Structures are given as structure tokens and as C-alpha cells.
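# Understanding the architecture of this molecule
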Amino acid sequence: MEFLSRDNVCGQNLLSLAARGNSILAEILRLAEYIPDAYLDDNNPEAVLYSEIIFDSSYFNNVDTCEDKVQQNLDLVDLDESFRENNIKTLERFYQLFESVFKYYTDYIQFMKDLNSNVYIQFSVESVLQDKQGKSLMCESLYLYGTMLLLLDHLMPGRVRERIFVSYYRYKGQATI
């Protein structure tokens, strides 16, 4: 049986994983162009304007304090609502991207566990690596994950990702995460 045959579940799952990895990379490159200025540079005028409503991960240690600070100032309430309305769709896309990178990782690990535990009866890690297409896809899938992490770190520094995640959490709530 050919590795990428439609009847080969192992090959099709690995091919699907690699295809999804490529689409995630494309989304990283697309979204890197749409990071709101308020998240980028602390010296940026927009970042200064929104600095009192955009929080880092310390927000989770002081949720009530941070929210009270915003709610007690009507100007901050209006600014927060305006920022939310203008950026919620973008924040949702970023969250979906972060979630898809995590899901890619868990699916890759699950695929490897399935290979090792003989879920794919005819295949093991060794037999997939002996097949030319299988070897290529195994390497590509791992390479894609590494590339995702490197691109995220290069195009969306940790501080930016952290602030985007906290904003998403604030606006969408714990139930959606």
C-alpha cells in the first residue's frame, strides 16, 4: 500500500497535519501585519494612550484591582469599550492562531503516540521513516512546528503575545478559553 494512498489512514493523517502546519504559518505571516500599535512599542503614542487598559500577565494576580481601576474612571471605561469594539475581531483571530499552534503540537504528539502504540496496524515510526514520502512528511511536520515557534517569537515578541492574550481574556471571559 502506498503511504499517501487515500486508504492509508496513517499517511492521510500525517499529510493533513503537514497541510495544517503550512496554513498556520501563512496565518502567522498574515496576522503579523495586523498587530494593533497599542501592543507593540511602549513609546508609541497609541501604546501610551491605551497603557492603562492593556495589561500583561500580572493582570491574573490582580484581576479585581485592575478591573476596578478601569471601572472607577469613566474616561477609561469609554476608552476600554472603544478599544474593545475596534479590536475584538483581531484579538479573536490572534487567539485562534495561538490555539491552533497549541493544537498542532498536541496533534503531532498524539500522532507520534499512536504510531508508537500500534494504532496504525501496519506502521511504526521506523516503517514510516523507511518510506520516502513518510520520512519527508515526518520531518516536515516537526520542521513546521519549529518554524511556527520561531516565527511567532520573531514577528510577535512574547510581550506582544502576552498582552494580546490578556486583552482577549478580559474581553471574552474565562469561559471561552
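Note that this is a predicted model, so its numbers are computed, not measured. (Residues numbered from 1 in each chain as written. Predicted model: local features only at pLDDT ≥ 70, side-chain atom pairs only at ≥ 80, totals over all residues. Heavy atoms only, no water.)

## Examining the overall build of the protein chain
Each helix and strand counted, the protein chain has 7 helices and 0 strands in total. Computed over the C-alpha atoms, the radius of gyration of the protein chain is 21 Å, more than 25% above the 16 Å expected from 2.2 N^0.38 for a compact globule of 177 residues. Overall size of the protein chain, expressed as C-alpha extent along the three principal axes, is 70 × 30 × 25 Å. Scored against the burial criterion, the 177 residues of the protein chain give a buried share of 40%. Partitioning the contacts of the protein chain with sequence separation of at least 6, the portion at a separation of at least 24 is 73%. For the protein chain, the distance from the average position of its 16 positive side-chain charges to the average position of its 27 negative side-chain charges is 6 Å. (Helix = DSSP H or I, 4+ residues; strand = E, 2+ residues; numbered from the N terminus. Rg over C-alpha atoms; globule rule 2.2 N^0.38 Å. Buried < 20%, exposed > 50% of the residue type's maximum accessible area, 1.4 Å probe, protein only. Contact = heavy atoms within 4.5 Å. Lys, Arg positive; Asp, Glu negative; His and termini not counted. Charge placed at Lys NZ, Arg CZ, Asp CG, Glu CD.)

## Considering the nonpolar core
Generally speaking, nonpolar side chains in soluble globular proteins are found buried as a group. Ranked by internal contacts, the top residues of the largest apolar core, which has 53 residues, are Ile 28, Ile 53, Leu 97, Leu 115, Met 148 and Met 156. Going through the elements one at a time, α1 (9–31), α3 (63–71), α4 (74–116), α5 (125–130), α6 (132–155) and α7 (158–172) are the ones with two or more residues in this core. At 15 residues, the largest contribution of residues to this core is made by α4. Other than its neighbours up to four places away in sequence, Ile 53 contacts Val 70, Leu 76, Leu 79, Asp 80, Phe 83, Arg 170 and Tyr 171. (Core = buried A, V, L, I, M, F, W, Y, C linked by side-chain atoms within 4.5 Å.)

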